[in-house]
Every structure is written in C-alpha cells, then in structure tokens.
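In case you want the letters, here they are:
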Amino acid sequence: MSEPRSAPPRLASLDQFRGYTVLGMLLVNFVGSFAVIKADVPVLAHHHTYCSYADTIMPQFLFAVGFAFRLTFARRRDAVGPRAAYGHAARRNLALLLVAFAVYSVGSRWEKWDDLAQRDAVLLRWAKQDLFQTLGHIAVTSLWVLPVIAARPRVRFGFAVLSGALHVGLSYWFNYRWANTPPNGVDGGPLGFLTWAVPLLAGTLACDLYQAVASRGRLCGLLLLTGLAVGALAYGLSCLHLAPSDLDEWRFHVTASAAAPPLVYVDVKPPTNDLFTMSQRSGSLTYTLFGAGVSLVVLALFVLACDVGGLRWGVFDTFGSNALAVYIAHGLVFDAAKPFVPRDAPLWYVAAACGLALGLCYLFVRHLEKHRLFLKL
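Residues numbered from 1 in each chain as written. Predicted model: local features only at pLDDT ≥ 70, side-chain atom pairs only at ≥ 80, totals over all residues. Heavy atoms only, no water.

Is there a simple way to explain the packing of aromatic side chains in this structure?
What characterises a pair of aromatic rings is the spacing of the ring centres plus the angle enclosed by the ring planes. Evaluation of the coordinates by the stated rule reveals 24 aromatic pairs. Between the aromatic rings of Y20 and F302, the centroid separation amounts to 5.8 Å while the plane-to-plane angle is 50°, which identifies the pairing as tilted. With a gap of 282 residues between them, Y20 in helix α1 (residues 12-31) and F302 in helix α11 (residues 285-308) connect regions that are remote in the sequence. The same class applies to Y20 as to F302, namely buried. Their ring planes at 85° and their centres at 6.3 Å tell us that Y104 and Y327 sit as a pair that is edge-to-face. Taken as a pair, Y104 in the loop between α4 (82-103) and α5 (116-130) and Y327 in helix α13 (residues 323-337) lie far apart in primary sequence, 223 residues in all. Assessed through its relative accessible area of 10%, Y327 is described here as buried. Positioned over the ring face of W178 is K128, at 4.6 Å from the centre of the ring. Sitting over the ring of Y210, R216 keeps its end group 4.4 Å from the ring centre. (Phe/Tyr/Trp six-rings, centres within 6.5 Å; stacked < 30°, edge-to-face > 60°. Helix = DSSP H or I, 4+ residues; strand = E, 2+ residues; numbered from the N terminus. Buried < 20%, exposed > 50% of the residue type's maximum accessible area, 1.4 Å probe, protein only. Lys NZ or Arg CZ within 6 Å of the ring centre and 35° of its normal.)

Written out as structure tokens, the structure is:
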C-alpha cells in the first residue's frame with residue numbers, strides 16, 4: 001500500500017511577500033483618494049505619470065502570481081500530465097475572469113433599450129475601466145503566458161521582451177491615445193496584459209532561481225542585484241521620450257533627457273503624451289519593468305528575513321494565505337467605512353479610519369483562517 005502524498009512545503013518568503021503585497025494594497029486603496037495624502041504623502045497615491053509606492057503594489061501581485069503559477073504548474077504537470085495541467089490552468093483563469101466580472105460592477109447603466117449611444121458608452125467604460133482591473137488583468141495575463149509557462153527560461157525571457165515590444169508598438173499606433181482618452185483606461189486597459197506579462201514572467205524566472213540556488217544567502221544577493229539592474233534599466237528607458245503617432249506624425253522621433261526618479265515625488269509635471277513615461281494608467285513598459293525590479297528587491301528582503309533570519313509576521317501569513325478572500329472583502333469593508341471619512345479630512349483622521357478598516361479586514365480573514373476556510377480557484 002502506497003503512502004499518501006504529503007502536501008509540498010510552503011515557501012515562507014513567498015507567503016510573506018504575498019501577505020505584504022496584500023497589506024500594501026489595502027493601505028493604498030484606502031488612503032489614496034484623500035486630499036491630505038496627495039498633498040502630504042503623495043507616494044501613497046496613484047499619479048499616472050511616474051511610479052509611486054502605490055504603483056509598485058500591482059506589479060508585485062503579478063510577480064507573485066507568476067512565481068506560484070510556475071511552481072504549481074510544474075507540480076501538476078508531473079502529477080497528471082501536460083494536457084490536464086494546461087486544461088486546469090485555462091479553466092482556473094477563465095473562472096477568475098468570471099469572478100472579476102462579478103466583483104467589478106459597471107459604473108454606468110444602459111437605461112433605455114433604444115438608446116444605442118448609451119449602450120455603447122456603457123460597453124466602452126466596461127471594457128476600458130470596469131473589467132480590466134487587478135483580477136481581470138491577472139486572469140488574461142496568465143492565459144497569455146500559458147503557452148510558455150513550462151518553457152525554458154530563455155523562451156520566457158524572450159516572450160516577455162516580445163510582449164513589451166508589441167505593447168510599445170501598439171501604443172505608438174493607437175493604444176496610448178485610446179487608453180488616455182475618456183473614459184480613461186485602468187492599468188493599461190484591454191491590452192495591458194502585454195506589459196503585465198513582464199512582472200508575471202519575472203516571477204516565473206525568480207521561481208526557477210529559487211529552486212536552483214540552494215544557498216538562501218546567495219539567492220538573496222542574486223535577487224537583489226537582478227532587481228536593482230532591472231529597475232535601473234527601466235529608469236534608463238524612461239529617460240527616452242517618444243510621442244504617440246498622432247503627435248509624432250510617424251517620424252519615430254526619439255529624444256533623451258533625464259526623467260524624474262521613481263518613488264521620490266517631485267512637484268514637477270512629468271512629460272505626458274510620452275510612451276516611455278512610467279504610467280500605471282497606460283500600463284507602460286517602463287512602469288511594469290520597474291515594478292518587476294522592485295518585486296525582485298522586495299522578495300530578496302523577505303528571503304533574507306524569513307529564509308535566512310527565520311522571521312515571520314502573522315499578519316502577512318493571514319493576508320497572504322487567503323489573498324482572494326481579502327481582495328473581495330476589502331471592497332465591501334471600504335465601501336462601508338469611507339462614507340464616514342470626508343475627502344478633506346485631516347491626516348490623523350484618515351490614518352485612524354484606515355487603521356480601523358484594515359483591522360476589520362484582518363478580523364474577517366483571520367476568522368476564515370481559524371476555521372480553515374480559504375477561497376481559491
């Protein structure tokens with residue numbers, strides 16, 4: 001009689017990384033819309049024309065998804081075969097897209113059957129804003145990279161380069177203008193999956209490195225150096241400037257000048273109408289590439305703290321182990337709490353309200369954790 005197969009061991013640093021990312025999402029999603037945050041702590045808000053701290057959170061989600069996708073896909077392929085593994089991955093991400101459809105309510109309504117202009121406006125907003133938020137982008141991007149998820153590292157690296165280059169080309173042609181025309185796109189809009197593939201595939205490559213390097217200290221150093229190099233490359237590319245085709249008249253006139261540094265707010269308006277400006281709204285290649293670099297650095301710090309130092313934080317474990325439940329619950333909690341917080345509230349009041357809302361989210365997910373209830377697809 002064969003022994004029952006035990007569950008594979010958890011990766012402490014990845015769990016903690018995911019939990020930190022979820023907590024960061026809760027923080028910036030709550031405080032980012034208040035006037036005092038934009039005035040006094042602007043790096044906690046989205047600005048769309050440079051990479052703030054708030055903008056680093058979503059790339060870390062895609063990075064963590066890529067790491068786990070590569071890890072679990074390989075295990076499932078070995079257990080049940082390639083055909084079943086690919087089928088399961090496809091069904092899982094289509095189910096996640098359905099969850100995104102249910103979670104992200106359409107912000108406008110088609111009120112009259114004969115009003116076709118209103119119908120088209122609702123469909124346009126749904127396609128550019130309401131569906132393509134975090135869960136929608138994770139689902140579509142995972143489906144996009146599925147053909148190469150089991151490929152060799154050089155193939156996945158090449159696919160990331162190809163995806164990013166294709167996004168730049170389509171942005172130059174029409175997508176930059178379309179995504180930045182009302183109703184403005186969210187996180188790159190329907191074509192955002194092309195550049196979201198960059199941090200996701202970076203996560204798959206980090207997974208390979210994690211499994212190949214036995215020394216956690218050496219792994220930490222490699223992740224850190226690679227992350228810094230990727231971030232520096234992204235900043236260097238952001239110093240290039242190219243306007244979309246309708247302004248550039250198809251001349252491909254690229255110029256170069258120093259860009260404002262990411263993560264350090266400068267009260268000077270960065271270049272707009274620029275394909276290489278770090279912009280979460282546009283889903284620009286420089287932004288997602290920089291986000292991939294930040295993800296590698298943050299994972300390196302968790303490898304150092306958890307795998308080398310043996311540290312773990314319970315709040316990160318709780319949030320990281322049930323991330324989808326947190327994501328769905330936090331919208332309900334924030335919708336209940338934010339009506340009591342005026343947009344012009346002082347910093348201490350916003351901070352107190354944020355702490356209360358995050359605490360309620362934690363209590364809800366902690367209750368699920370105690371009863372071993374985990375929302376997974």
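What follows picks up the thread again.
Sorry if this is basic, but what is going on with the pattern of salt bridges here?
Any two side chains of opposite charge can pair, on the condition that their charged atoms come close. Applying the stated rule across the entire model yields 12 salt bridges. The partner of R18 in a salt bridge is D15, and the shortest N-O contact between them spans 3.3 Å. With R18 and D15 both in helix α1, this residue pair falls 3 residues apart, about one helical turn. The buried category is assigned to D15, whose relative accessible area is 9%. (Salt bridge = Lys/Arg side-chain N within 4 Å of Asp/Glu carboxyl O.)

I'm lost on unusual backbone geometry in this one. Help?
In terms of backbone geometry, most residues other than glycine have negative phi values and most peptide bonds are trans. Residue P183 is bonded to the preceding P182 through a cis peptide linkage, with omega at -5°. Considering the arrangement of structural elements, one finds P183 in the loop between α7 (153-179) and α8 (193-212). Here the phi dihedral of N273 falls at roughly 50°; this positive angle occurs in a residue that is not glycine. Note that N273 resides in the loop between β2 (255-256) and α11. The phi angle at R372 is positive, at roughly 55°, despite the residue not being glycine. Relative to the elements of secondary structure, R372 occurs in the segment after α14 (347-370).

Which parts of the structure should I look at to understand the packing of α8 against helix α9 (residues 216-238)?
Interhelical geometry of α8 versus α9 gives an angle of 155° and a closest axis separation of 9 Å. As the angle between them shows, α8 and α9 are arranged roughly antiparallel. In this structure, the crossing between α8 and α9 has a hand that is right-handed. Between α8, through A206, L209 and Y210, and α9, the contact on the second element is made entirely by R216, L219, L222 and L223. (Axes fitted to C-alpha atoms, helices over the stretch in contact; angles between N-to-C directions. Parallel < 35°, antiparallel > 145°, perpendicular 65-115°, else oblique. Left-handed = near helix turned anticlockwise from the far one by under 90°. Contact = heavy atoms within 4.5 Å.)

Sorry, what's going on with α13 here?
Structural remark: α-helix, 3.6 residues per turn; residues separated by three or four positions point the same way. When the terminal C-alpha atoms of α13 are compared, their 20 Å separation across 15 residues agrees well with the 21 Å that a helix rising 1.5 Å per residue should span. Considering bend angle alone, the principal kink of α13 is centred on A329 and spans about 25°. If you check which residues of α13 are buried, you get L324, A325, V326, Y327, A329, H330, V333, F334 and A337. Close packing links the buried residues of α13 with α1, α4, α6 (134-145), α12 (314-321) and α14. (Expected span 1.5 Å × (residues − 1). Bend = angle between axes of the 7 residues up to and from the residue.)

What is the right way to look at the packing of α7 against α8 in this model?
Interaxial distance between α7 and α8 falls to 8 Å at its minimum, and their mutual angle equals 165°. What the angle tells us is that α7 and α8 run roughly antiparallel. Here the hand of the crossing between α7 and α8 comes out left-handed. Residues P153, R156, F159, A160, S163, G164, L166, H167 and L170 of α7 touch α8, and the partners they reach there are L194, T195, A197, V198, L201, T204, L205 and D208. In terms of residue class, the contact of α7 with α8 is built from 10 nonpolar, 5 polar and 2 charged. (Nonpolar A, V, L, I, M, F, W, Y, C, P; charged D, E, K, R; others polar.)

Sorry if this is basic, but what is going on with α7 here?
Counted at 1.5 Å a residue, the expected span for α7 with its 27 residues is 39 Å, but the 32 Å between its end C-alpha atoms falls short. By the largest-angle criterion, S171 marks the main kink of α7, which is about 75°.

Quick question: what am I supposed to make of the side chain of S163 here?
The residue S163 is located in helix α7 in this model. The buried category is assigned to S163, whose relative accessible area is 1%. A distance of 2.8 Å separates the side chain of S163 from the backbone oxygen of F159, its partner in a polar contact. Setting aside residues no more than four positions away along its own chain, S163 makes contact with W144, L194 and A197. (Polar contact = N/O pair within 3.5 Å; in protein donor to acceptor, adjacent residues only side chain to side chain.)

Explain the state of the cysteines to me, please; I cannot follow it from the model alone.
As used here, a disulfide is simply a covalent bond connecting the sulfur atoms of two cysteines. Summed over all chains, the structure comprises 0 disulfides. Of all cysteine sulfurs in the structure, the one in C220 sits closest to C306, which takes part in no disulfide; the separation is 11 Å. (Disulfide = S-S within 2.5 Å.)

Could you clarify how one ought to interpret the side chain of S282 in this entry?
With respect to the helices and strands, S282 occurs in the loop between β2 and α11. In this structure, S282 is in contact with H167, Y176, N180 and G188, ignoring residues within four places of it in sequence.

How should I be thinking about the environment of W313 in this particular structure?
If you trace the backbone, W313 turns up in the loop between α11 and α12. Among the residues examined, W313 registers a relative accessible area of 38% and is labelled partly exposed. For W313 and Y20, which are 293 residues apart along the polypeptide, the C-alpha to C-alpha distance reads 9.4 Å. Among all residues touching W313, those that are not within four sequence positions of it are Q16, F302, A305 and C306.

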